[in-house]
Amino acid sequence: MFVSKNLSVNEQGHLTAGGVDTTELAAKYGTPLYVMDEDLIREHCRSFKESMDRYYGGEGLVCYASKAFCCKAMCKIMLEEGMGLDVVSEGELYTALSVGFPADRICFHGNNKTDRELAYALENNVGRIIVDNIYELDRLNGLAEETGRNANIMYRIKPGIDAHTHNFIMTGQIDSKFGFALETGEAFEAVKKALKCSHIRLVGLHCHIGSQIFDIDPFVKAAEVMLDFIAKIKEELGAEIGELNLGGGFGIKYTDEDSPVSYDKYMEKVSARVKEICAERKIKQPFILIEPGRSIAAPAGITLYTVGGKKVIPGIRTYVSIDGGMGDNPRYALYQSKYDAVVANKAGEPKTETVTVAGKCCETGDLIGEGMPVQPVEPGDILAILATGAYNYSMSSNYNRIPKPAVVMLHNGESRVVVKRETNEDIIRNDLL
Ligand SMILES: *Cc1c(COP(=O)(O)O)cnc(C)c1O
């Protein structure tokens with residue numbers, strides 16, 4: 001009935017998440033409110049890990065891409081689940097280290113890491129630094145030399161596969177700000193160079209082909225391209241590349257239009273193809289890393305809002321205004337992302353209205369969605385937007401000086417605040433006269 005399996009309707013006709021009445025959460029903590037289901041997050045982690053065990057003998061690491069949703073509580077959950085972690089900034093790395101996340105299970109990404117970030121990663125012995133370009137390699141080697149350390153790196157490669165949508169395209173010269181190109185020989189030259197660097201250990205290669213991907217084929221194709229390159233490196237340079245990072249991007253169900261495949265199917269097909277190619281090309285089966293972000297966090301989250309005014313424009317549309325908007329969920333404004341909406345206090349009723357949900361910012365484009373089917377909605381109702389666990393809180397801003405909502409975590413039918421609601425005092429905290 002709902003896009004996420006932890007959602008249901010109770011006897012009062014209220015929407016529940018993880019068995020908890022969402023209208024009670026709204027009353028207790030106020031709105032807007034991010035609600036994350038810890039039990040579902042853990043279930044997602046386990047199913048990725050189980051697939052890795054079943055189809056690839058556990059010879060891999062599932063790294064949660066923390067940019068999807070990052071806070072101390074989330075890093076701690078990942079730590080407890082035995083996951084690896086992707087970070088893309090000093091702030092994300094700092095958050096992970098603050099809960100004692102083991103640095104050897106952290107991958108540090110980004111196309112423009114600063115010297116300060118690289119030094120911070122080295123100082124803390126981050127397990128894998130994913131190097132994006134030669135300029136970065138040179139700086140990292142220099143910094144490692146200065147501090148007498150060695151850096152374990154993976155190279156980010158553009159495999160020439162673009163899969164940001166329901167289908168994928170193979171391009172000759174992929175236009176992306178990330179990584180080294182294969183077809184121009186740029187990647188091969190970079191490998192040669194890394195092998196000569198005194199303080200660099202090239203442990204693996206990385207690719208990430210997009211996000212919200214529903215087909216398995218582009219992932220299989222990417223693995224083929226990458227293994228081809230690993231074989232070439234072995235044949236021509238005699239170097240063994242031990243690790244292959246296949247990135248994230250697994251699609252989730254935002255609305256009934258989406259039909260994601262199970263992670264199990266993905267691991268089954270990709271593992272089979274990896275084993276096949278390794279046997280054919282006589283290369284060692286690499287240790288595999290995958291980096292799911294959205295698929296772990298998004299289905300576990302909902303956002304609760306209080307409905308304000310309703311504006312019926314006859315023959316045009318009906319606007320429903322909420323007490324949040326693009327500040328806490330910029331995804332519609334950014335890329336017209338689709339969501340399901342439910343009136344939480346009337347969740348048992350049929351959806352008989354179609355509305356445009358508007359935020360409270362001074363922007364016409366501040367919408368959460370257009371043409372959204374909902375139950376009959378009135379001022380004072382609690383509106384739930386579903387599957388907002390990824391790229392909502394992490395992308396939130398203080399536009400219009402609106403404080404960020406609190407994040408509440410659900411576990412075993414209990415709720416607790418894991419990120420406090422911002423106050424007006426927080427808004428002016430760094431202001432000086
Ligand atoms: C964003 C990102 C991910 C996670 O992508 P999802 O679509 O959230 O699974 C993984 N790896 C890299 C390098 C990324 O940039």
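Rules and cut-offs
Residues numbered from 1 in each chain as written. Predicted model: local features only at pLDDT ≥ 70, side-chain atom pairs only at ≥ 80, totals over all residues. Heavy atoms only, no water. Salt bridge = Lys/Arg side-chain N within 4 Å of Asp/Glu carboxyl O. Helix = DSSP H or I, 4+ residues; strand = E, 2+ residues; numbered from the N terminus. Buried < 20%, exposed > 50% of the residue type's maximum accessible area, 1.4 Å probe, protein only. Patch = residues over 30% accessible without salt bridge, like charges linked within 9 Å, V, L, I, M, F, W, Y side chains within 5 Å. Areas by Shrake-Rupley, 256 points an atom, 1.4 Å probe, with all protein chains shown as cover. Domains from an automatic or database assignment. Contact = heavy atoms within 4.5 Å. Buried area = accessible area lost by both parts, 1.4 Å probe. Polar contact = N/O pair within 3.5 Å; in protein donor to acceptor, adjacent residues only side chain to side chain. Near = heavy atom within 4 Å. Nonpolar A, V, L, I, M, F, W, Y, C, P; charged D, E, K, R; others polar.

As for the pattern of salt bridges
Evaluated as defined, the whole model comprises 28 salt bridges. Residue Asp115 is joined to Arg139 by a salt bridge in which the shortest nitrogen-to-oxygen separation is 2.6 Å. One end of the pair, Asp115, is in helix α5 (residues 115-123); the other, Arg139, is in helix α6 (residues 134-147), and 24 residues separate them in sequence. Arg139 sits in the buried class, given a relative accessible area of 14%. Across the pair Arg273 and Glu276 runs a salt bridge, and its minimum N-O distance is 2.4 Å. Note that Arg273 and Glu276 are positioned in helix α9 (residues 263-281) at a spacing of three residues, about one turn of the helix. Judged by its relative accessible area of 21%, Arg273 is partly exposed. Bridged by salt links that share partners, the residues Glu38, Arg42, Arg46, Lys76, Glu80, Glu81 and Arg416 form one connected network.

Digging into a nonpolar patch on the surface
Where nonpolar side chains cluster on the molecular surface, the patch consists of Leu334, Tyr335 and Met395 and spans about 290 Å² of accessible area. In this fold, Met395 is placed in the loop between β21 (382-386) and β22 (406-411). We classify Met395 as partly exposed; its relative accessible area is 30%.

Brief notes about the domain arrangement of the chain
Along its sequence, the chain is carved into domain 1 (7-37 + 301-422) and domain 2 (38-297). Relative placement of domain 1 and domain 2: their C-alpha centres are 33 Å apart. Each partner contributes residues to the interface: domain 1 has 21 residues there, and domain 2 has 18 residues. The contact between domain 1 and domain 2 buries some 1,800 Å² in all, and 55% of this surface belongs to carbon and sulfur atoms. It is Asp37, Lys338 and Tyr391 that lose the most area in domain 1 upon contact with domain 2, and together they represent 32% of the buried surface on that side. The interface formed by domain 1 and domain 2 holds two salt bridges in total. Between Glu257 and Lys338 there is a salt bridge; the shortest N-O distance is 3.3 Å. Summed over the shared surface of domain 1 and domain 2, the number is 12 residue pairs in polar contact (both at pLDDT 80 or more). Sorting the residues of the side of domain 1 that touches domain 2 by element identifies β4 (33-37), β22 and β23 (414-419) as the ones contributing at least two each.

Remarks on the site of the ligand
Lys67, Ser211, Glu291, Arg294 and Tyr391 are the nearest of the 15 residues found near the ligand. One of the side-chain nitrogen or oxygen atoms of Glu291 is found 2.6 Å away from a nitrogen atom of the ligand. Alone, the ligand offers 390 Å² of accessible surface; in the complex the protein occludes 93% of this. For the shell around the ligand, the class distribution of residues is three nonpolar, seven polar and five charged.

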